[in-house]
Amino acid sequence: MKIKVIKFENYKGPKREHYNDSGADVFAATDVTIQPYSVYSVPTGVGLVLPDGYDAVIHCKSGLSKNGI
């Protein structure tokens, strides 16, 4: 799979915290304030080129997500 990082100032790209992680942590490319009960697309600064028959999934795995953030 090819990963293209779209340049944002001070952006840290995808990162695997441990060598045996099955996925990588993806970070917001810009600071965003999301109001309660609203929906917002947060730019990640990452584009993927996936082979035919594959898909990519983003899961809420942040420690903040358990608090509804």
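In case you missed it, the structure is sitting above this.
Residues numbered from 1 in each chain as written. Predicted model: local features only at pLDDT ≥ 70, side-chain atom pairs only at ≥ 80, totals over all residues. Heavy atoms only, no water.

Trainee: How would you summarise the overall build of the protein chain if you had to cite specific residues and measurements?
Mentor: Helices and strands together make up the secondary structure of the protein chain, namely 0 helices and 2 strands. For the protein chain, the residues scored as buried account for 4% of the 69 residues in total. When contacts within the protein chain are restricted to residue pairs at least 6 apart in sequence, long-range pairs at least 24 apart make up 38% of them. A total of about 6,600 Å² of accessible surface is found on the protein chain, and carbon and sulfur atoms cover 53% of it. (Helix = DSSP H or I, 4+ residues; strand = E, 2+ residues; numbered from the N terminus. Buried < 20%, exposed > 50% of the residue type's maximum accessible area, 1.4 Å probe, protein only. Contact = heavy atoms within 4.5 Å. Areas by Shrake-Rupley, 256 points an atom, 1.4 Å probe, with all protein chains shown as cover.)

Trainee: Any details on the environment of D31? Residues and values, ideally.
Mentor: Along the chain, D31 turns up in the loop between β1 (2–5) and β2 (46–49). Separated by 12 residues in the primary sequence, D31 and P43 place their C-alpha atoms 9.6 Å from one another.

Trainee: Report on the environment of R16, specifying residues and quantitative values.
Mentor: Along the polypeptide, R16 turns up in the loop between β1 and β2. Taking the C-alpha atoms as reference points, R16 and V26, separated by 10 residues in sequence, lie 9.1 Å from one another. Each residue touching R16, except ones within four places of it in the same chain, is listed here: D21, S22, G23 and A24. A polar contact of 2.8 Å, which involves the side chain of R16, links it to the backbone oxygen of D21. (Polar contact = N/O pair within 3.5 Å; in protein donor to acceptor, adjacent residues only side chain to side chain.)

Trainee: Go over unusual backbone geometry, please, and point to the residues and values.
Mentor: We note that Y37 has phi near 65°; this positive angle belongs to a residue other than glycine. Here Y37 is to be found in the loop between β1 and β2. For Y37, a relative accessible area of 88% translates into the label exposed.

Trainee: Go over a nonpolar patch on the surface with me, naming the residues and quoting the values.
Mentor: On the surface, I3, L48, L50 and Y54 cluster together into a nonpolar patch covering about 390 Å² of accessible area. Its location among the elements puts L50 in the segment after β2. A residue is classified by how much of its surface remains accessible, and L50, at 31% relative accessible area, is partly exposed. (Patch = residues over 30% accessible without salt bridge, like charges linked within 9 Å, V, L, I, M, F, W, Y side chains within 5 Å. Salt bridge = Lys/Arg side-chain N within 4 Å of Asp/Glu carboxyl O.)

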